[in-house]
Amino acid sequence: MSKLNDDLAYEILSVVEEIPAGRVATYGQIAKLIGREKNSRLVARVLSHVGNYGEFPCYRVVNHMGRLAPGWAEQEWLLKGEGVTLKENGCVDLKKYLWEC
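Residues numbered from 1 in each chain as written. Predicted model: local features only at pLDDT ≥ 70, side-chain atom pairs only at ≥ 80, totals over all residues. Heavy atoms only, no water.

Another aspect to go through is helix H3 (residues 40–48). Every buried residue of H3 is listed here: Val43, Val46 and Leu47. The arc enclosing the buried residues of H3, seen along the axis, measures out at 95°, which places them on a common side. Summarising the geometry of H3, the exposed residues directed more than 90 degrees from the buried face are Arg41, Arg45 and Ser48. (Buried < 20%, exposed > 50% of the residue type's maximum accessible area, 1.4 Å probe, protein only. Helix = DSSP H or I, 4+ residues; strand = E, 2+ residues; numbered from the N terminus. Arc of directions from axis to C-beta.)

Structure, rendered in structure tokens:
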């Protein structure tokens, strides 16, 4: 990735590492916090390549409805390990677990 993209990735990841255990944030929430309110998909894309940047608690990031990342089975048990339970539909209850940053 280019320097600009690396800088953006680390800006996103600096927010992700602030999400406390037992809480979740949405892609849109992170985008808003970095001043790119309409770029939630960009946040998701960066998080899908997090292995290039180190260890970050990306499992604490969900979509705007609390839905987990598709194809990432470990996300559920990582969240449950921090006390985050899922609703019957498999989504995180954002009213209960959303990070109030």
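Picking up where we left off.
Inspection of the secondary structure puts Asn63 in the loop between strand E2 (61–62) and helix H4 (74–81). Among the polar contacts listed, one links the side chain of Asn63 to the backbone nitrogen of Met65, at a separation of 2.9 Å. Dropping the residues within four chain positions of it, Asn63 is found in contact with Thr26, Tyr27 and Leu94. (Polar contact = N/O pair within 3.5 Å; in protein donor to acceptor, adjacent residues only side chain to side chain. Contact = heavy atoms within 4.5 Å.)

What follows covers the state of the cysteines. This model, assessed by the stated rule, comprises 0 disulfides. Distance from the sulfur of Cys101, which forms no disulfide, to the nearest cysteine sulfur (Cys58) is 16 Å. (Disulfide = S-S within 2.5 Å.)

Let us look at the pattern of salt bridges. Inspection of the entire model under this criterion finds 2 salt bridges. Salt-bridge contacts for Glu76 lead to Lys80; the nearest nitrogen and oxygen are separated by 2.7 Å. Of this pair, Glu76 and Lys80 both sit in helix H4, 4 residues apart, roughly one helical turn. Residue Glu76 is classed as partly exposed on the basis of its relative accessible area, which comes to 31%. In this structure Lys80 comes out as partly exposed when scored by relative accessible area, which is 44%. (Salt bridge = Lys/Arg side-chain N within 4 Å of Asp/Glu carboxyl O.)

Our focus in this paragraph is the layout of surface pockets. Here the largest pocket is characterised by a volume of approximately 340 Å³. Lining the largest pocket are 16 residues, and of these Tyr27, Ala44, Leu47, Ala69 and Trp72 sit closest to its centre. Element by element, the count of residues in the lining of the largest pocket is highest for H3, at 3 residues. Along the lines of polarity and charge, the residues of the lining of the largest pocket split into 12 nonpolar, 2 polar and 2 charged. (1 Å grid on protein atoms, 1.4 Å probe; cavity = no way out; pocket = protein on both sides within 12 Å on 5 of 7 lines; lining within 4 Å. Points joined across faces, edges and corners; volume = space filled by probe spheres on them. Nonpolar A, V, L, I, M, F, W, Y, C, P; charged D, E, K, R; others polar.)

What follows concerns the environment of Leu47. Within the fold, Leu47 resides in helix H3. The spatial distance from the C-alpha of Leu47 to the C-alpha of Cys101 is 19 Å, given a sequence separation of 54 residues. Those residues within four positions of Leu47 in sequence are excluded, and the remaining contacts are Ile12, Leu13, Val16, Tyr27, Cys58 and Val61.

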